[in-house]
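A structural walkthrough
The primary structure of each chain is shown beneath.
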Amino acid sequence: MCGKTMFDPNTVLSQRPIPIAPLVGLECIDMCHARTLFALIDSDRPFLRTWLTWVDGTTTEQHTKDFIATCIQNAECGRSFTYVLRVRNFLAGCFEIRWNDHGQIHGFSEHRYAHLGYWLGERFQGYGIMTHTVMVVTAHVFSTYGVDRICIACTSENIPSQRVATGAGYTYTKTIADKENLSDSTINHRLYCQVACH
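Attention in this report is confined to the structure presented alongside it. (Residues numbered from 1 in each chain as written. Predicted model: local features only at pLDDT ≥ 70, side-chain atom pairs only at ≥ 80, totals over all residues. Heavy atoms only, no water.)

All right, on to the packing of aromatic side chains then. This structure, assessed with the given rule, holds six aromatic pairs. Aromatic pair phenylalanine 81 and tryptophan 99: ring centres 5.7 Å apart, planes at 85°, arrangement edge-to-face. One end of the pair, phenylalanine 81, is in strand E3 (residues 80-87); the other, tryptophan 99, is in strand E4 (residues 90-100), and 18 residues separate them in sequence. The exposure class assigned to phenylalanine 81 is buried, which follows from its relative accessible area of 0%. These aromatic residues form a ring-pair network of at least three members: Phe81, Trp99 and Tyr145. One Lys or Arg, arginine 123, reaches over the ring of phenylalanine 90 and ends 4.5 Å from the middle of that ring. (Phe/Tyr/Trp six-rings, centres within 6.5 Å; stacked < 30°, edge-to-face > 60°. Helix = DSSP H or I, 4+ residues; strand = E, 2+ residues; numbered from the N terminus. Buried < 20%, exposed > 50% of the residue type's maximum accessible area, 1.4 Å probe, protein only. Lys NZ or Arg CZ within 6 Å of the ring centre and 35° of its normal.)

Printed below as a string of structure tokens:
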């Protein structure tokens with residue numbers, strides 16, 4: 001059962017691939033990605049678990065299929081769009097645009113609000129791929145969906161993700177305390193935002 005989205009009923013939310021650069025693009029996540037996506041997670045497990053709470057719970061390909069099924073349902077309901085990031089012929093990571101109709105979750109009053117989430121495989125780090133992806137997606141979301149604000153939440157220890165946010169033009173807004181449990185420790189989130197130019 002789909003709940004309401006943040007958009008006017010007359011607004012049609014549709015997920016579509018997003019080209020990023022030559023040989024780099026975001027593909028709408030699908031079951032055909034399950035095996036390769038799980039293989040990437042499994043091979044990069046020691047690296048990814050440093051930053052991401054769900055890695056230790058993703059131990060089989062079926063877990064990835066369940067995740068993809070949820071992503072597809074959320075896209076159909078207009079709650080969020082999840083993509084795989086492809087670099088050349090390699091699946092390199094994941095990207096999510098999540099829509100929110102209660103911006104007060106981060107202390108904002110805007111009703112048209114989006115949140116970006118992303119992760120990138122270890123071997124693809126250090127080339128500016130994710131920074132450029134965030135820049136392109138940000139422009140796409142502002143121009144296509146008319147949101148007022150886009151935010152990125154990074155764990156306080158995830159310096160690479162924070163650099164992606166600032167490198168893509170986002171500004172640190174505040175710290176949200178005790179947001180997640182990671183490796184038996186409670187961690188904070190640093191919130192980075194960009195506001196639409198009207």
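What follows deals with the nonpolar core. Core analysis: the largest hydrophobic core is formed by 35 residues, its most contacted members being Phe95 and Val134. Where this core is concerned, the elements lending two or more residues are strand E1 (18-21), strand E2 (24-28), E3, E4, strand E5 (113-120), helix H4 (129-145), strand E6 (149-155) and helix H5 (159-167). At seven residues, H4 tops the list of elements feeding residues into this core. Leaving out residues up to four positions away in the same chain, valine 134 has contacts with Phe95, Leu116, Tyr118, Ile152, Val164, Ala168 and Tyr170. Counting residues in each nonpolar core, the second largest holds 15 residues, with Ile29, Leu48, Val84 and Cys94 among its members. (Core = buried A, V, L, I, M, F, W, Y, C linked by side-chain atoms within 4.5 Å. Contact = heavy atoms within 4.5 Å.)

Take the side chain of aspartate 44 next. Inspection of the secondary structure assignment puts aspartate 44 in the loop between helix H1 (34-43) and helix H2 (45-48). The charged side chain of aspartate 44 is buried without a salt bridge, its nearest counter-charge being arginine 123 at 7.4 Å. Setting aside its immediate chain neighbours within four residues, aspartate 44 contacts Gly121, Glu122 and Arg123. (Lys, Arg positive; Asp, Glu negative; His and termini not counted. Salt bridge = Lys/Arg side-chain N within 4 Å of Asp/Glu carboxyl O.)

Scanning the entire structure with this criterion turns up one disulfide. Disulfide pairing is shown between cysteine 151 and cysteine 193; the S-S distance is 2.4 Å. Across the S-S bond of cysteine 151 and cysteine 193 the torsion is about 95°, and the bridge reads as right-handed. Taken together, the residues span a long stretch of sequence, with cysteine 151 in strand E6 and cysteine 193 in strand E8 (residues 185-195) at a distance of 42 residues. For the pair cysteine 151 and cysteine 193, one class covers both residues: buried. Here cysteine 71 stays free of any disulfide, with the sulfur of cysteine 94 as its closest cysteine sulfur at 7.1 Å. (Disulfide = S-S within 2.5 Å.)

A few words now on the pattern of salt bridges. All chains considered together, the criterion is met by six salt bridges. Of the charged contacts in the structure, one is a salt bridge between lysine 65 and glutamate 61, with a shortest N-O distance of 3.9 Å. Here the residue lysine 65 and the residue glutamate 61 both occupy positions in helix H3 (residues 61-77), the gap between them amounting to four residues, near one helical turn. Take lysine 65: its relative accessible area is 32%, and that puts it in the partly exposed class. Judged by its relative accessible area of 24%, glutamate 61 is partly exposed. Between arginine 98 and glutamate 96 there is a salt bridge, and its shortest N-O distance comes to 3.0 Å. A residue is classified by how much of its surface remains accessible, and glutamate 96, at 22% relative accessible area, is partly exposed. If you follow the salt bridges from partner to partner, you end up with Arg35, Glu61 and Lys65 in one network.

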